[in-house]
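Residues per chain, in single letters:
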Amino acid sequence: MSLTTQFFFNPYPFREQFPALHQKIDGRPVLFLDGPGGTQVPERVIKAMNGYWLKGSSNQGGPFLTSQQTDETVAAARQAIQTLYNARSPEEIVFGQNMTSLTFALSRALARTWQPGDEIIVTRLDHDANISPWLMAAEDSGVTVRWLDFRPEDCTLRLDQLPDLLNERTRLVAFTLASNAVGTITDVAPIVRLAHQVGALVYLDAVHYTPHGLVDVQAWDCDFLVSSVYKYFGPHTGALYGKYEHLDRLTAYKVRPSSNQPPGKWETGTQSFESLAGVAAAVDYLGSLGKPEKNPRQRIIRAMERIKQYETEISERFIKGAASIPGLRLYGITDIECLEQRTPTFALTLEGYTPAELAVRLGEQGIFVWDGHYYAIAVMERLGVLEQGGLLRIGFVHYNTMDEVDRVLTALYTLAQK
Ligand SMILES: Cc1ncc(COP(=O)(O)O)c(C=O)c1O
């Protein structure tokens, strides 16, 4: 029997480390089900960020102590994300304000290499941050955009349609590893294989996926991958992986005196160093879920196995409970046999309430959820729910407990009776 199947995940010792999770409203504990919009942070992240300022802040490259400490902070963050992504070297990791800004920067750089008549592929399952930058870059350079659809019944991508969309003019395939709206996880390997067969590059949005599953840029052989650390227990900073050859070859939009070498040439202006201190601490926290493994990457692998197993149990409990609530309609994968293909992120409607009303009613009870489109505009359009206010989104992460699953189910059940 593998360690994975023997392991019982207890979220309580981990919850203890998150000060925000201890809040109460009117004596009732707050229930954070807004992870897909941004997670809470453990104490070690707060301490690391404070620690950066307490030691003295400085810009990089100066001949004095605080500047050298800043250089060390940046190097530690780069190494942490290298480990998290399994990149070949820290030079393949670029930091930026957030995923959206990094993607706009990369899209402009890539578009310089495209010719009118070239093609790119985006998907309807994506957050708009992995669609609009490509639509705009395509418009600027006379490139045709092709769309990969998903099945509205279970919100899985139509991979069967991909071969027909690809051809020798395809320059890029951009897709999400997991939908921030309906939780579907994408099967990466066949998409990368087909894209590379025609010479297209692959750009992966890992923002929603990273707190829920193992990232491995080498195994996937993707050309780029980007995530945002605030979705996995860290600060508001984006982290982009690019194969070194691409980061080196492409022209970055940057100021003249800055480095021509990756990753510096992509990191425009001054970084948020206090955030980078928090980035290393966030990855360290994730690794702590993988004890007693010693090797940093092995820790991450073990941690993500445990998270995945526990979150699958959460999904099963939520889906089974939701099925007994009258008038509740769940979007995305609901087949209990296929739960490894989704994150515990659920979009739903409840008869008698708009998504906004439902979010308010739950918010009044200290249950924090989102309503609307959460920038997954294409998903909402395809499901035909954009005009009616989108969907309610309930998103769990590993620090949520089974009691919390039951609490939100009970709240929904009670609202359904009214
Ligand atoms: C799947 C996905 N992609 C991209 C983004 C945009 O990330 P950022 O806020 O870092 O620009 C989000 C944010 O919610 C997201 O969920």
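Residues numbered from 1 in each chain as written. Predicted model: local features only at pLDDT ≥ 70, side-chain atom pairs only at ≥ 80, totals over all residues. Heavy atoms only, no water.

## Looking at the pattern of salt bridges
Enumeration over the complete set of coordinates arrives at 19 salt bridges. Glu 404 is paired through a salt bridge with Arg 15; the nearest N and O atoms lie 3.2 Å apart. With Glu 404 in helix H15 (residues 402-417) and Arg 15 in helix H2 (residues 12-15), the pair connects residues that are 389 residues apart, well separated along the chain. Note on accessibility: Glu 404 and Arg 15 belong to one class, buried. (Salt bridge = Lys/Arg side-chain N within 4 Å of Asp/Glu carboxyl O. Helix = DSSP H or I, 4+ residues; strand = E, 2+ residues; numbered from the N terminus. Buried < 20%, exposed > 50% of the residue type's maximum accessible area, 1.4 Å probe, protein only.)

## Regarding the sheet that holds strand E5 (residues 119-123)
With respect to topology, seven strands assemble into an open sheet ordered E4-E12-E11-E10-E9-E5-E6, the strand pairing being mixed. Single-partner strands in this sheet number two, and they are strand E4 (93-96) and strand E6 (144-148). Neighbour to neighbour, the strand axes of the sheet diverge by 20° on average, direction disregarded. Relative to E6, E5 runs parallel, the two sharing five bridges. By the bridge assignment for E6, Val 122 is matched with Trp 147. Sitting on the sheet, helix H5 (residues 99-111) is in contact with E4, strand E9 (170-176), strand E10 (201-205), strand E11 (224-228) and strand E12 (238-242), with an inclination near 160° to E11. (Pairing = 2+ DSSP bridges. Axes fitted to C-alpha atoms, helices over the stretch in contact; angles between N-to-C directions. Contact = heavy atoms within 4.5 Å.)

## Remarks on the domain arrangement of the chain
Assigned domains of the chain: these are domain 1 (3-41 + 305-417) and domain 2 (46-286). The gap between the C-alpha centroids of domain 1 and domain 2 is 26 Å. On the side of domain 2, 32 residues touch domain 1, which itself brings 39 residues to the contact. Interface area for domain 1 against domain 2, summed over the two sides, is near 2,700 Å², with a carbon-plus-sulfur share of 62%. The largest per-residue losses of area from domain 1 upon contact with domain 2 belong to Thr 343, Val 379 and Arg 382, which jointly make up 20% of the total buried on that side. Counting every contact that joins domain 1 to domain 2 gives one salt bridge. The interface formed by domain 1 and domain 2 contains 17 residue pairs in polar contact (both at pLDDT 80 or more). (Domains from an automatic or database assignment. Buried area = accessible area lost by both parts, 1.4 Å probe. Polar contact = N/O pair within 3.5 Å; in protein donor to acceptor, adjacent residues only side chain to side chain.)

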